[in-house]
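# Commentary on secondary and tertiary structure
Residues per chain are reported as follows:
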Amino acid sequence: MLRILALIMILAGSARAATFTAASCSTADINTEIATINAGAGGDTLVVPPGYCTWTSALTTFTKSVTMKGYGAYIYVDGVDAPINFSTVANCTLEGFKIEWSGVPGGTRIIDIRGQSFRVTRNIILNTATGGSSSNPSIYVNGGGGIAHPTGVVDHNHFTKLS
């Protein structure tokens, strides 16, 4: 009995968060890694490498907690609504991206958050949707999917309206 208990404790301790690196900043390459993260236990880090990419489709919605880091990644969002979606997932972080919204119809927000304990930090958001008005915010935090009151922090970001 003690051997079984010891084995269970060893196996439980071996489940550690992992770091995944997308092949590029394209939605296809990032979605490949999101599928792996969503199949795991959560708490992983997804590194998006430096580069310039145009997103014309949204990323797959995260279903597990994740830290997504994009230092050097410049994302141009073209007509996509909420391409980054932390919907009903706790403990998600978006850090270090430079994201520009195209300003064309079809996209009104860049980041959609409905989970608990989120953090959006050290990002540069360019051409914010209508100047960050309440009807078209760059970062949309709202209850939904069973989360009545999302909680989190948006800090050390820079928002600029280019047009």
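Because the structure is a prediction, the values reported are computed rather than measured.

## A look at the overall build of the chain
Of regular secondary structure, the chain possesses two helices and 14 strands. The burial tally for the chain puts 42% of its 163 residues in the buried class. Of the contacts formed within the chain by residues at least 6 apart in sequence, a portion of 72% connects residues at least 24 apart. A total of about 8100 Å² of accessible surface is found on the chain, and carbon and sulfur atoms cover 57% of it.

## Let's talk about the packing of aromatic side chains
Scanning the model with the defined rule gives two aromatic pairs in all. Summarising the aromatic geometry, the rings of Y52 and Y74 are spaced 5.1 Å apart at their centres and angled 40 degrees between planes, so their arrangement reads as tilted. One end of the pair, Y52, is in strand β3 (residues 51-55); the other, Y74, is in strand β5 (residues 73-77), with 22 residues separating them in the sequence. Geometrically, the ring pair formed by F62 and F86 is tilted, given 5.3 Å between the ring centres and 40 degrees between the ring planes. With F62 in the loop between β3 and β4 (66-69) and F86 in strand β6 (residues 84-86), this pair connects stretches of sequence that are 24 residues apart. Residue class for F62 comes out buried when judged on its relative accessible area of 1%.

## Focus: the pattern of salt bridges
Enumeration according to the criterion identifies two salt bridges in this entry. D112 is the partner of R114 in a salt bridge, and the nearest nitrogen-oxygen pair spans 3.2 Å. Grouping residues by exposure puts R114 and D112 together as buried. Here R119 and D155 are joined by a salt bridge, their closest N and O atoms 2.7 Å apart. In this pair, R119 sits in strand β10 (residues 116-121) while D155 sits in strand β13 (residues 151-155), placing the two residues 36 residues apart along the sequence. Judged by relative accessible area, which is 31%, R119 ranks as partly exposed.

## Quick word on the sheet that holds strand β8 (residues 98-101)
What links the strands of a sheet is backbone hydrogen bonding, and the strands pair in either a parallel or an antiparallel sense. Across the sheet, five strands lie side by side as β3-β5-β8-β11-β14; this open sheet has parallel pairing. Strands at the two margins of the open sheet, each flanked by one partner only, are β3 and β14 (158-160). Neighbour-to-neighbour, the strand axes of the sheet open up by a mean angle of 15 degrees, direction not taken into account. Pairing between strand β11 (residues 124-126) and β14: three bridges, direction parallel.

## What about the state of the cysteines?
This structure, assessed with the given rule, holds one disulfide. Here C25 engages in a disulfide with C53; their sulfurs sit 2.1 Å apart. Sign of the S-S torsion, about 95 degrees for the bond between C25 and C53, identifies this disulfide as right-handed. Of this pair, C25 sits in the loop between β1 (19-21) and α2 (27-39) while C53 sits in strand β3, and the two are 28 residues apart along the sequence. For the pair C25 and C53, one class covers both residues: buried.

## Regarding the pairing of β10
Sheet topology places strand β7 (residues 93-95) next to β10; three bridges connect them, and they run parallel. Bridged to E95 within β10 is T121. In this sheet, β13 lies alongside β10 in parallel orientation, the contact comprising five bridges. From the neighbouring strand, R119 faces β13, where its bridge partner is V153.

Here is what the cut-offs are and how they apply
- Residues numbered from 1 in each chain as written.
- Predicted model: local features only at pLDDT ≥ 70, side-chain atom pairs only at ≥ 80, totals over all residues.
- Heavy atoms only, no water.
- Helix = DSSP H or I, 4+ residues; strand = E, 2+ residues; numbered from the N terminus.
- Buried < 20%, exposed > 50% of the residue type's maximum accessible area, 1.4 Å probe, protein only.
- Contact = heavy atoms within 4.5 Å.
- Areas by Shrake-Rupley, 256 points an atom, 1.4 Å probe, with all protein chains shown as cover.
- Phe/Tyr/Trp six-rings, centres within 6.5 Å; stacked < 30°, edge-to-face > 60°.
- Salt bridge = Lys/Arg side-chain N within 4 Å of Asp/Glu carboxyl O.
- Pairing = 2+ DSSP bridges.
- Axes fitted to C-alpha atoms, helices over the stretch in contact; angles between N-to-C directions.
- Disulfide = S-S within 2.5 Å.

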